[in-house]
Amino acid sequence: MKASDYVIEFLVKHKIDKVFGYVGGNNAHIMDSIDNHKEMEMVNCIHEQGAGFAAEGYARATGKIGAATATSGPGATNLVTPIASCFYDSTPVIFITGQVNTYECQKTADCENNAPVRQIGFQETDIVNIARPITKYAVLIDNIHELKYELEKALYLAVEGRKGPVLIDIPIDIQYMDIDFEGEKSFYDSEDYKASPLEKEIDTEIETVAELINHSMRPVILVGGGTRISGAESELNTLLTKTNIPVVCTLLGKDLVKESYPYNIGFIGAYGNRCASLTLANSDLLLILGARLDARQTGRQATSFARAAKIVQVDIDKHEVNRKIKVDCFLNMDIKSFIDKLNSKDLNTQIDFWQDKVLSYKKTYSSLYTLDQKEKMPNKIISFISQYARAGDIICADVGLNQMWTAQSFDVKEGQRILFSGGLGSMGCALPTAIGATLGSGKRAIIIAGDGGFQMNIQELEILKRRNLAIKIFIMNNAFLGMVRQMQSEFLNENFIGTQYDYSVPQFKNIGQAYGIKSHVVAEMNEIEAIIKSSLQNDECELVDIQLSDAKHLVEPRLAGNRPMEDMVPFLSREELKMQMVIKPLDEDE
């Protein structure tokens, strides 16, 4: 069998049915084999970065392993950003890059006197060493007899333990070789393969967690992206139904608990909901499920984070414990398995006071209004999109102010997903992510983007019309880069270089129409709701440029400086903050 045909047959056997990519001289055989396989589809993107993000969206929306391909040199290096995104958000994607012929590649060619030659072949680039720090495994296939082994190893590592991306770099002369792969060595027969060990017996630890829950007066569950990756949504909702414990979420845990759960208090962190921050701050037990507790989640003043609570952390990655927040109990295991075992325990919570308290937080501090009860236009727009979106829609939010507004104010319905770029925070991810998500799942995608992020991969609009995709695009257009501008306003004497000065925004309506996409521009609030409602009643590809003219549209509330999580800007009066705290405010503790 031809090697490139074998690679695609291997992917199909592992239930991968689409590869996203861009053709070049050194991956042409790979793409030809994709196109010739009746069970595989080639999705041609307009830029390799778009292809990488689309593969990530496919993986996150379907639960399968994603796949992307690019040629050598600039094609491969254009994949670096989505590779990093997959690595930091634990998304399993196999990236297959073409490479120059083995006799043109420094690693395999016979360089005279081992001279430190910068490059031999045209478009030769050592993508393996470039990508190695941001992949679980990266390898150059320099011998055809290693191909079967390395493919098996790469896909195994992509999903073993904490999931993530892998990269296979295949020289073009190896791609078109013919060999009988049936007799080639297998990774699964080697000493290198170690089957995932059975989880150690941890009934004692889980019994301890159950006892902590039953004796707690103010328990809170914090769900992160690890809960989603483990496939534990059903088990989590069983636990919540059984206990009625208040739940808060990180960015990547946003879509796990639907708004129909009454004690879903919202998004925590530097730009979190005030009600969620007050809930977490006043807890006496915090159960953390698959959240790594970075500074965006905890704030800079780590010592004040959940300071009155016993902290239990469950994570498949043992390296995530006690990095910043000291925990009282750590369980190194799969989240789904943990919750399933916990659900089998006798859980009996008596927390009526606490439930009433967190519901009062949620009612008093709505994300749609300022402290003086003025409507926040951007958050209200997000609420319109949320209101008229269907169950089952996949929401893809780009990075920027729009991302935080979405996290604060989008109420998740049954069957909906929200795909954020978490650890890397990559602008330009939303459009290609939506393409991969909708092609993989068959569901409609809704993009919520800012004017800056949307311009970064705007070329992928061509795919929407070409494939007639059911994707809705809402651009929150304030004509500047809002998050950095907010920082410049606070710390850099309003020197808005790059965010407002020497920055401009095109006519998105005209661009959408140039790609053959139905497009609108709207600025008045009553018109905005009407056009959002109308747009979301059908599956036609559509772009809506929502113009936010007021530069004061920022993200509030937010954590500032070294303040504790419960004390967000704009600040509550000291009297109101004291009234809302169950534990002593920090100033009184000091």
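Q: So what exactly am I meant to see when it comes to the nonpolar core here?
A: General note: in soluble globular proteins, nonpolar side chains tend to be found buried as a group. With 97 residues, the main nonpolar core has Leu 286, Leu 289, Leu 331, Phe 338, Leu 342, Ile 532 and Ile 546 as its most contacted residues. The element that contributes the greatest number of residues to this core is helix 16 (residues 377–388), accounting for six residues. By size, the runner-up hydrophobic cluster in this structure holds 52 residues, among which are Ala 61, Leu 79, Cys 86 and Ala 138.

Q: Explain the sheet that holds strand 7 (residues 219–223) here, please?
A: Backbone-to-backbone hydrogen bonds pair the strands of a sheet. The strands run either parallel or antiparallel. What the six strands build is an open sheet, ordered 9-8-7-10-11-12; its pairing is parallel. Sheet topology places strand 9 (264–267) and strand 12 (329–332) at the edges, where each strand pairs with a single neighbour. Adjacent strand axes in the sheet meet at a mean angle of 15° when their direction is disregarded. The sheet contact formed by strand 8 (residues 247–249) and strand 9 spans three bridges and is parallel. Bridge pairing in strand 9 links Cys 249 to Phe 267. On top of the sheet, helix 14 (residues 335–343) reaches strand 10 (285–289), strand 11 (310–315) and strand 12; it is set at about 135° to strand 10, its chief contact.

Q: Explain the packing of aromatic side chains to me, please; I cannot follow it from the model alone.
A: The relation between two aromatic rings is expressed through the spacing of the ring centres and the mutual angle of the planes. The full count for this structure, using the stated rule, is 13 aromatic pairs. When the ring of Tyr 149 is compared with that of Phe 187, the centres are 5.6 Å apart and the planes differ by 80°; the resulting orientation is edge-to-face. One end of the pair, Tyr 149, is in helix 7 (residues 147–159); the other, Phe 187, is in the loop between helix 8 (172–175) and helix 9 (203–215), and 38 residues separate them in sequence. As far as burial versus exposure is concerned, Tyr 149 and Phe 187 are alike and both buried. Judged by centre distance (5.6 Å) and plane angle (70°), the ring pair of Phe 187 and Tyr 193 falls under edge-to-face. Classification of Tyr 193 as partly exposed rests on a relative accessible area of 28%. An aromatic cluster is built from Tyr 149, Tyr 156, Phe 187, Tyr 188 and Tyr 193, whose rings are joined through pairwise contacts.

Q: Please clarify how a negative patch on the surface should be interpreted in this entry.
A: A cluster of acidic side chains, namely Asp 5, Asp 32, Asp 35 and Asp 178, defines a negative patch on the protein surface. Tracing the sequence through the fold places Asp 35 in helix 2 (residues 28–36). For Asp 35, a relative accessible area of 60% puts it in the exposed group.

Q: I keep staring at the pairing of strand 1 (residues 18–21) and nothing clicks. Help me out?
A: A regular strand carries its side chains on alternate faces of the sheet. Of the two faces of strand 1, the one lined by Lys 18 and Phe 20 and the one lined by Val 19 and Gly 21 are each fully buried. Here strand 1 runs beside strand 2 (residues 41–44); their pairing, made up of four bridges, is parallel. Pairing of Phe 20 across the sheet is with Val 43, part of strand 2. Handedness of the β-α-β unit built from strand 1, helix 2 and strand 2 comes out right-handed. Of the strand pairs in this sheet, strand 1 and strand 3 (residues 66–70) are connected by two bridges, and their pairing is parallel. Across the sheet, the residue bridging to Gly 21 is Thr 69, located in strand 3.

Q: Where do I start with the packing of helix 1 (residues 3–13) against helix 2 in this structure?
A: Interaxial distance between helix 1 and helix 2 falls to 8 Å at its minimum, and their mutual angle equals 55°. Considering the angle they form, helix 1 stands oblique to helix 2. Once helix 1 is placed against helix 2, the crossing between them reads as right-handed. Listed contacts from helix 2 to Ser 4, Asp 5 and Ile 8 of helix 1 are His 29, Ile 30, Ser 33 and Ile 34. The residue makeup of the contact of helix 1 with helix 2, split by class, is three nonpolar, three polar and one charged.

Q: Sorry, what's going on with the sheet that holds strand 1 here?
A: One open sheet holds the six strands; their spatial order is 2-1-3-4-6-5, and the pairing between them is parallel. The sheet is open, and its two edges are formed by strand 2 and strand 5 (137–140), each paired on a single side. Direction aside, the axes of adjacent strands within the sheet are offset by 20° on average. Bridge count for strand 4 (residues 93–99) against strand 6 (residues 166–171) is six bridges, and the pairing is parallel. When the sheet's bridge partners are listed, Gln 99 is paired in strand 6 with Pro 171.

Q: What is the right way to read helix 15 (residues 352–364) from this model?
A: Quick reminder: α-helices carry 3.6 residues per turn. Residues three or four places apart thus point the same way. Between its first and last C-alpha atoms helix 15 spans 18 Å; for 13 residues at 1.5 Å apiece the expected length is 18 Å, and the two agree. Every buried residue belonging to helix 15 is among Trp 354, Gln 355, Lys 357, Val 358 and Tyr 361, and all of these are buried. The buried residues of helix 15 occupy an angular sector of 165° when the element is viewed end-on, so they sit on one face. Turned more than 90 degrees away from the buried face of helix 15, the exposed residues are Asp 352, Phe 353, Asp 356 and Lys 363.

Q: Explain the side chain of Ser 426 here, please?
A: Within the secondary structure, Ser 426 is located in the loop between strand 14 (417–419) and helix 18 (430–441). Residue contacts for Ser 426: discarding those within four places in its chain leaves Phe 53, Thr 81, Asp 398, Val 399 and Ser 421.

Q: For this particular structure, what's the right way to read the packing of helix 3 (residues 48–62) against helix 18?
A: When two helices pack together, their arrangement is captured by the angle between the axes and the distance separating the axes. For the pair helix 3 and helix 18, the least separation of the axes is 6 Å and the interaxial angle reads 45°. Classified by the angle between their axes, helix 3 and helix 18 sit oblique to one another. Seen from above, helix 3 lies across helix 18 with right-handed handedness. Across from Gly 50, Phe 53, Ala 54, Gly 57, Tyr 58, Ala 61 and Thr 62 in helix 3, the residues of helix 18 making contact are Pro 432, Thr 433, Gly 436, Ala 437, Gly 440 and Ser 441. Class assignment for the residues of the contact of helix 3 with helix 18 results in six nonpolar, seven polar and no charged.

How each quantity is defined
- All residue numbers here refer to positions counted from 1 along the written sequence of the relevant chain.
- Per-residue local features are limited, in this predicted model, to residues with pLDDT of at least 70; the limit for side-chain atom pairs, both in listing and counting, is 80 or more; totals at the level of whole chains, interfaces and linings are taken over all residues.
- Remark: hydrogens and water are excluded; side-chain values derive from all non-hydrogen atoms of the structure.
- Throughout this description, the term nonpolar core refers to a set of buried Ala, Val, Leu, Ile, Met, Phe, Trp, Tyr and Cys residues connected via side-chain atoms within 4.5 Å.
- Buried, partly exposed and exposed residues are distinguished by accessible area as a fraction of the type maximum, computed with a 1.4 Å probe on protein chains only: under 20%, between the cut-offs, and over 50%, respectively.
- Counting from the N terminus, the helices are DSSP H or I runs at least four residues long and the strands are E runs at least two residues long.
- By this definition, two strands are paired if DSSP reports at least two bridges between them.
- Lines fitted to C-alpha atoms define the axes here, with helix axes fitted over just the stretch in contact, and angles between the N-to-C directions of these axes take values from 0 to 180 degrees.
- Contacts are residue-level and defined by heavy atoms, with any inter-residue pair within 4.5 Å sufficient.
- Each aromatic pair joins two rings of Phe, Tyr and Trp (for Trp, the six-membered one) with centres within 6.5 Å, and gets the label stacked for planes under 30 degrees apart, edge-to-face for over 60, and tilted for any other angle.
- Only residues whose relative accessible area exceeds 30% and that form no salt bridge are eligible for patches; like-charged ones are grouped when within 9 Å, while nonpolar side chains (Val, Leu, Ile, Met, Phe, Trp, Tyr) are grouped when within 5 Å.
- Computed with the Shrake-Rupley method and a 1.4 Å probe, the accessible areas treat only the protein chains shown as cover for residues.
- Within this document, salt bridges are pairs made up of a side-chain nitrogen of Lys or Arg and a carboxyl oxygen of Asp or Glu, the two lying within 4 Å of each other.
- Under the counting rule used here, the positive set is Lys and Arg, the negative set is Asp and Glu, and His together with the chain ends is not counted.
- A charge is said to be at NZ when it belongs to Lys, at CZ for Arg, at CG for Asp and at CD for Glu.
- A crossover counts as right-handed when, viewed with the strands pointing away from the observer, the path leading from the first strand over the helix to the second turns clockwise.
- An angle below 35 degrees is treated as roughly parallel, one above 145 as roughly antiparallel, one from 65 to 115 as roughly perpendicular, and anything else as oblique.
- Crossing handedness is read from the near helix: turned anticlockwise from the far helix by less than a right angle, it gives a left-handed crossing, and turned clockwise, a right-handed one.
- In this count, Pro and Cys sit with the nonpolar residues alongside Ala, Val, Leu, Ile, Met, Phe, Trp and Tyr, while Asp, Glu, Lys and Arg are called charged and the others, Gly among them, polar.
- Here the expected length of a helix is defined as 1.5 Å per residue gap, with one fewer gap than residues.
- Think of it as the arc spanned by the lines of direction from the helix axis to the C-beta atoms.

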